[in-house]
Amino acid sequence: MQNHQHVSADRFLIRGINQSVLLNLIRTEAPISRPQLATLSGLSLVTVIKITATLLERNLIVEKEYAESTGGRRAGLLEINPQGGFVVGLIPQPESLTAVILDLSSEPVYTRQWDIPLQGDYPRALELLVQCCEELFQESQIARDKFIGVGFGMSGMIDGDRGLCIDAALLGWKNVEISRPLEERIGIPVFVDNDVNCLAVYENLFGEGQPYDHFLVIAIGRGVGLGIVTNGDLYRGAFGGAGELGHTAVTTEGRLCDCGNRGCLETYVSFSGILENYREYVQITTYNLANTPSEPSLLEIVTQARRGEEAARAAMQRAGTLLGVSLANLVNIFNPQCIILSSPDLNLLTDSVLMEAMQQEIKQHLFSQMGKDLRFFIAEQLGYESWARGAGSLVLRHFFGSPARIRSERSSIQA
Ligand SMILES: [Zn+2]
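All of these numbers come straight from a predicted model, not from anything done at the bench.

1. Points about the overall build of the protein
Part 1 of the argument: Along the backbone of the protein there are 13 helices and 16 strands.
Part 2 of the argument: A total of 415 residues make up the protein; the buried ones form 53% of that total.
Part 3 of the argument: Here the analysis covers contacts within the protein between residues at least 6 apart in sequence; of these, 61% occur between residues at least 24 apart.

2. Comments concerning the coordination of the zinc ion
Part 1 of the argument: Distances from the zinc ion to its protein donors, namely H247 (ND1), C257 (SG), C259 (SG) and C264 (SG), fall within the range 2.0 to 2.4 Å.
Part 2 of the argument: Around the zinc ion, the 4 donor atoms are arranged such that angles at the metal cover 103 to 123°; this shape is classified as tetrahedral.
Part 3 of the argument: Donor residues for the zinc ion sit on one chain with the sequence pattern H-x9-C-x1-C-x4-C. Here the residue H247 occupies a position in the loop between β14 (233-235) and α7 (266-269), and C259 occupies one in the loop between β14 and α7, the gap between them amounting to 12 residues.
Part 4 of the argument: Look at H247 and you get partly exposed, because its relative accessible area is 30%.

3. Remarks on the sheet that holds strand β9 (residues 164-168)
Remark on secondary structure: sheet strands pair via backbone hydrogen bonds, oriented parallel or antiparallel.
Part 1 of the argument: Strand order in this open sheet of 3 strands is β8-β9-β10, and the pairing throughout is antiparallel. Across the chains shown, the open sheet's two edge strands, defined by having one partner strand only, are β8 (157-159) and β10 (173-177). Across the sheet, the mean angle from the axis of one strand to that of its neighbour is 5°, orientation sign disregarded.

4. With respect to the packing of helix α6 (residues 195-205) against helix α12 (residues 384-400)
Part 1 of the argument: Remark: α6 packs on α12, axes separated minimally by 7 Å, with the N-to-C direction vectors making an angle of 70°. Accordingly, the angle class assigned to the pair α6 and α12 is roughly perpendicular. When the axes of α6 and α12 are compared, the crossing they make is left-handed. Note on element contacts: α12 touches α6 through S386, W387, R389, G390, A391, S393, L394, L396 and R397, opposite D195, V196, C198, L199, V201, Y202 and L205.
Part 2 of the argument: Its residues assigned to classes, the contact of α6 with α12 comprises 10 nonpolar, 3 polar and 3 charged.

5. Focus: α6
Part 1 of the argument: Taking burial as the measure, the 11 residues of α6 include 11 buried ones, the bulk of the element.
Part 2 of the argument: At the N-terminal boundary of α6, the capping side chain belongs to N194, with an oxygen 2.9 Å from the backbone nitrogen of V196.

6. Section: the sheet that holds strand β6 (residues 108-114)
Part 1 of the argument: A sheet is described by the order of its strands in space; here 5 strands give the open sequence β6-β5-β4-β7-β11, paired in mixed fashion. Sheet topology places β6 and β11 (190-194) at the edges, where each strand pairs with a single neighbour. Neighbouring strand axes in the sheet, compared pairwise and without regard to direction, differ in orientation by 20° on average.
Part 2 of the argument: Judged from the 6 bridges that link them, strand β5 (residues 96-103) and β6 form a sheet pairing that is antiparallel. Among the inter-strand pairings, L97 is bridged to a residue of β6, identified as W114.
Part 3 of the argument: Taken strand by strand, α6 contacts β4 (86-93), β7 (147-154) and β11, and its axis lies near 105° from that of β11.

7. A few points about the packing of aromatic side chains
Any aromatic ring pair is given by two values, namely how distant the centres are and how the planes are angled relative to each other.
Part 1 of the argument: Tallying each qualifying case throughout the model produces 6 aromatic pairs.
Part 2 of the argument: Here F137 and F147 contribute two aromatic rings whose centre-to-centre distance is 4.7 Å and whose plane-to-plane angle is 50°, an arrangement assigned as tilted. Residue F137 is located in helix α4 (residues 122-140), and its partner F147 is located in strand β7; the two are separated by 10 residues in the primary sequence.
Part 3 of the argument: Looking at F137, the relative accessible area reads 5%, which means it is buried.
Part 4 of the argument: Using a relative accessible area of 6% as the deciding quantity, one classes F147 as buried.
Part 5 of the argument: Three or more aromatic residues joined by ring pairs make a cluster, and in this case those are F86, F137 and F147.
Part 6 of the argument: Sitting above the plane of the F400 ring, R27 keeps its charged end 5.4 Å from the centroid.

Calculation rules
Residues numbered from 1 in each chain as written. Predicted model: local features only at pLDDT ≥ 70, side-chain atom pairs only at ≥ 80, totals over all residues. Heavy atoms only, no water. Helix = DSSP H or I, 4+ residues; strand = E, 2+ residues; numbered from the N terminus. Buried < 20%, exposed > 50% of the residue type's maximum accessible area, 1.4 Å probe, protein only. Contact = heavy atoms within 4.5 Å. Donors = N, O, S within 2.8 Å, 3.2 Å for Na, K, Ca; no water. Tetrahedral: all angles 85-135°; square planar, octahedral: opposite > 155°, others 65-115°. Pairing = 2+ DSSP bridges. Axes fitted to C-alpha atoms, helices over the stretch in contact; angles between N-to-C directions. Parallel < 35°, antiparallel > 145°, perpendicular 65-115°, else oblique. Left-handed = near helix turned anticlockwise from the far one by under 90°. Nonpolar A, V, L, I, M, F, W, Y, C, P; charged D, E, K, R; others polar. Polar contact = N/O pair within 3.5 Å; in protein donor to acceptor, adjacent residues only side chain to side chain. Phe/Tyr/Trp six-rings, centres within 6.5 Å; stacked < 30°, edge-to-face > 60°. Lys NZ or Arg CZ within 6 Å of the ring centre and 35° of its normal.

Structure representation (structure tokens):
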């Protein structure tokens, strides 16, 4: 039955892939029997028995209840053992590092934050990262061999396949290796990706995106990020650059962006973009500069806009309108089933003027039936902890195998 396309891969890899296929089936279909696993995976019962024996031995799965199988024999049912393995998710910021340890069901079991300078000097940052990982392993009191990987999520252009950071403006790192030097130092596999891609992976495996094969994750904060899931798997582009929604142009002239271009979406929709919308509106409408109100915070703008204060309303509407046009363009290109909105400041997404303007604009620009059954979700947020959870789920994606990878496995087995 193992007559699939990976004949050139060595036996170890094939077993690895089959193992991921079975682990993912056990994760999504549990409790599940070995014969059911064989049917769903297309693997022979002998192979299933062999692999599940290894997984049981390694405590990655447990055999729990017994149930009558169709043949009248009692069959053991298998489940993932959440405590059978752990992953680490890391989110570096210019002045801090957030870490979370997740069990195999993506539940956070330990969280830690350090105030450390990670910006600029990468070799020094690497030393600090290694120290923090060691501290984390110690404090968690989890045996080192229980960790199956570390996921590293960062803003910027990241080549996840090669474990490289191509350009992270926020941290000031350019063309540096992340995975290999960290792996060598801590002795555990390290996966790296863009932080919004990490969120999309989390939503795909464990969040609102689970029932969908085609969805978009939009993150509004310091910038505007996009994670694309299509055919059940993350779409990353040729070298990981896909999803730079914040730097798509919404006007040919326009504000100067940090990236050096003009008219980028995030100069109007990010937190600082919304403040700039407000500033601009006040400048245009206030003739007597002495009457210019002092600069409000984002929360104040959101609240004032809701109350109907003119400048705040205009600032939020402008952001919502431009975001709405951009989302309509994305929907017309990708035809997603749902859009998951995420922001460190949830006030922006719940019952706000921005959301109303956005929804209205989307409706106006959708092609034909594209908006039919399109659903919107707002992702639950725990600050950087939820970003770190996303980074951890990068490892779980490799461990369990993505649903899409399993589908292609199945179709090649059937072919
Ligand atoms: Zn830009």
